[in-house]
Amino acid sequence: MSGDIKKTISELHIYEKKLLKELETNPDATPEEIAKNTQMDIKSVMSAAGSLASKDIIEVDKDVEEIISLTDNGSEYADGGLPERKILRVLSSKKEMNMGDLAKDADIDKKETNIAIGWLVRKNWAKINKGIVTITEHGQESFKILGTDEKLLKHLQEAKNSIKSNLPPELLDGFKKLNDRKNILNIKKNTSHSFKILDKGEAILKEGFTIQKQATQLTHQQLKDGEWKNLEYRPYDINAEAPKVFPGKKHPLREIIDEIREIFLNMGFSEENGSIVASAFWNFDSLFQPQDHAAREMQDTFYVKNPLTCDLPDQKLVDETAEVHNTGGDTGSTGWQYEWDEDVAKQTVLRTHTTGISTRYLYEHEAPFKMFSVGRVFRRETITYKHLPEFHQVEGLVGGEGVNYQNLMGFLKEFYKKLGFEVRFRPAYFPYTYLSTECEVYLEDKESWIELGGSGMFRPEVLKPLGVDVPVLAFGLGIERLAMIRYDISDIRMLYKSDIKWLRELPTTNGVRL
Ligand SMILES: N[C@@H](Cc1ccccc1)C(=O)O
């Protein structure tokens, strides 16, 4: 028991202790008095009391008092009498009268007269016949005796404010009568609290405690001079509500991009960047995309006006690219069998994929290759829940002796696994790869597979002109769709909406709401 009490004491807040001590010396103190004596504000007193009550240390009683006073109308009745009394008074000397005269003599208005007469008739103090009112014998006898309602009127007029529970019991009946009539009484409710120490509170007081400010922080000095040993410590309240704070944080899309970059860097890839404005040569021709390919048509590609054209790379590369397009050169292919047009290759485009970075990288570097790049790409797409005209891709390639299609599947599987996705592969077609494959992931709520990106082994028609004679695997994967699944959003546009509520509430990848 004593152990329990000690534990309870150690968990008491300083306000609770102050309140308890005050009640010990001043058991009947009101909350206001306690507030004054302990120099707490009334709110703290009440919350400390509530807290003590919840631990069965004290009891909090609530008392509601009804304070009764007279309205102006009620005051008038107290002075001059109730309307029915006035009428009875007039009738007692005149015996019978018509209603109009009665109202005039009694000095009350018609409506009140009617009500009062109705009341007198019901009590058998008066009778009415064809508009003539007469007093009964019973009325004659009793008109001088005041009713309890009239006595209460007098009482209230003298007392001004009366507490209902203090009224003389014989007047309570009068209260009911007056309260049933409108506009005579004002009733105000006053709530007051009183406290009572319970057994557990007594035990705590018996055990004794000091009221000491509880320490929440230690100073260097307190540690040094040993004062920390004498301090009373404020216990932790792990249930206390903490304010929500929303400090700045990375945009979810940026976060997933950085995570992707980290995965590739960890897998030994080096990072490359390119410009979003590119020549058709790098974006299409270097990838053996025929110059009449559908993707180059206006509905898919944004062509740039300024600069309208780009310089082509050095002539040897241009010539070999042209040759491959026209005849296949010495790649074993027949090419596209047309007249490759330099002017088409010079056009400026907003890159439609990041794969142009890959061909350029292969041209500018020596094998072995292991490179990735993250960037924005642009396509004239109709906006839907899974399509945006501008989105991010992560592009990558691995090239060297012995690199093969199985390695490609291995890299992709590994990459998606690290991000937390299970993917499936299906055969696909790209003009620049063979074999080619597309990765897909299942969307639960749409009940469909969604394409995440393409990949394949670069064709000799691509590699030869670039001067590469080792096999190269390559991939280009969409990022927004991954973000959609990761953040469980059903519409890709959410990523660009700047919906501050969503951005704030969304936990960061490591689960912290930061
Ligand atoms: N460029 C393709 C993806 C891809 C990259 C590399 C090789 C094969 C396919 C796309 O944007 O969909």
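Attention in this report is confined to the structure presented alongside it. Predicted model only: the values in this text are computed from it and were never measured. (Residues numbered from 1 in each chain as written. Predicted model: local features only at pLDDT ≥ 70, side-chain atom pairs only at ≥ 80, totals over all residues. Heavy atoms only, no water.)

## Thoughts on a negative patch on the surface
Step number 1: A contiguous patch of negative charge on the surface is contributed by Asp292, Glu297, Asp300 and Glu381.
Step number 2: Take Glu381: it is sitting in the loop between strand S10 (369-378) and strand S11 (390-399).
Step number 3: Taking the relative accessible area as the measure of exposure, Glu381 reaches 30% and is therefore partly exposed. (Patch = residues over 30% accessible without salt bridge, like charges linked within 9 Å, V, L, I, M, F, W, Y side chains within 5 Å. Areas by Shrake-Rupley, 256 points an atom, 1.4 Å probe, with all protein chains shown as cover. Salt bridge = Lys/Arg side-chain N within 4 Å of Asp/Glu carboxyl O. Lys, Arg positive; Asp, Glu negative; His and termini not counted. Charge placed at Lys NZ, Arg CZ, Asp CG, Glu CD. Helix = DSSP H or I, 4+ residues; strand = E, 2+ residues; numbered from the N terminus. Buried < 20%, exposed > 50% of the residue type's maximum accessible area, 1.4 Å probe, protein only.)

## A few points about the pairing of S11
Step number 1: Among the 10 residues of S11, nine are classified as buried, and the element is accordingly described as predominantly covered.
Step number 2: Bridge count for S11 against strand S15 (residues 472-478) is seven bridges, and the pairing is antiparallel. What sits directly across from Gly399, in S15, is Val472. (Pairing = 2+ DSSP bridges.)

## Structural notes on the site of the ligand
Step number 1: The immediate surroundings of the ligand are formed by 14 residues, with His353, Thr355, Arg379, Gln393 and Tyr432 found nearest.
Step number 2: Between the ligand and the protein, one listed contact pairs an oxygen atom with a side-chain N or O atom of Arg379 at 2.8 Å.
Step number 3: Contacts to the ligand include Gln393, whose side-chain N or O atom sits 2.9 Å from an oxygen atom.
Step number 4: Starting from 320 Å² of accessible surface for the ligand in isolation, the protein chains cover 95%.
Step number 5: The cavity that encloses the ligand is the largest pocket.
Step number 6: The set of elements that each furnish at least two residues to the shell around the ligand consists of S11, strand S14 (448-458) and S15.
Step number 7: Classifying every residue of the shell around the ligand gives four nonpolar, eight polar and two charged. (Near = heavy atom within 4 Å. Polar contact = N/O pair within 3.5 Å; in protein donor to acceptor, adjacent residues only side chain to side chain. 1 Å grid on protein atoms, 1.4 Å probe; cavity = no way out; pocket = protein on both sides within 12 Å on 5 of 7 lines; lining within 4 Å. Sits in = over half its atoms within 2 Å of the grid points. Nonpolar A, V, L, I, M, F, W, Y, C, P; charged D, E, K, R; others polar.)

## As for empty space enclosed by the protein
Step number 1: Taken as a whole and judged by the stated rule, the model has two cavities of 30 Å³ or more.
Step number 2: If you trace the largest cavity, you find 10 residues lining it, with Lys250, Pro252, Glu255, Leu506 and Pro507 closest to the centre.
Step number 3: The residue inventory of the lining of the largest cavity, partitioned by class, reads five nonpolar, two polar and three charged.
Step number 4: Its boundaries defined by the atoms lining it, the second largest cavity holds a volume of some 30 Å³.
Step number 5: Around the second largest cavity sit Phe281, Ser286, Leu317, Thr321, Glu461, Val462, Pro465 and Leu466, which together line it.
Step number 6: For the lining of the second largest cavity, the secondary structure elements donating two or more residues are helix H16 (315-327) and helix H20 (460-466).
Step number 7: With four residues, H20 is the single largest residue contributor to the lining of the second largest cavity.
Step number 8: Residue classes in the lining of the second largest cavity are distributed as five nonpolar, two polar and one charged. (Points joined across faces, edges and corners; volume = space filled by probe spheres on them.)

## Considerations on the packing of helix H10 (residues 148-159) against helix H11 (residues 172-180)
Step number 1: The geometry of H10 relative to H11 is characterised by a closest axis approach of 7 Å and an angle of 90 degrees between their N-to-C directions. Judged on the interaxial angle alone, H11 and H10 are roughly perpendicular. For the pair H10 and H11, the contacting residues are Thr148, Asp149, Leu152 and Leu153 in the first and Asp173, Gly174, Phe175, Lys177 and Leu178 in the second.
Step number 2: Looking at side-chain class alone, the contact of H10 with H11 contains four nonpolar, two polar and three charged residues. (Axes fitted to C-alpha atoms, helices over the stretch in contact; angles between N-to-C directions. Parallel < 35°, antiparallel > 145°, perpendicular 65-115°, else oblique. Contact = heavy atoms within 4.5 Å.)

So yeah, pure geometry; function would need other evidence.
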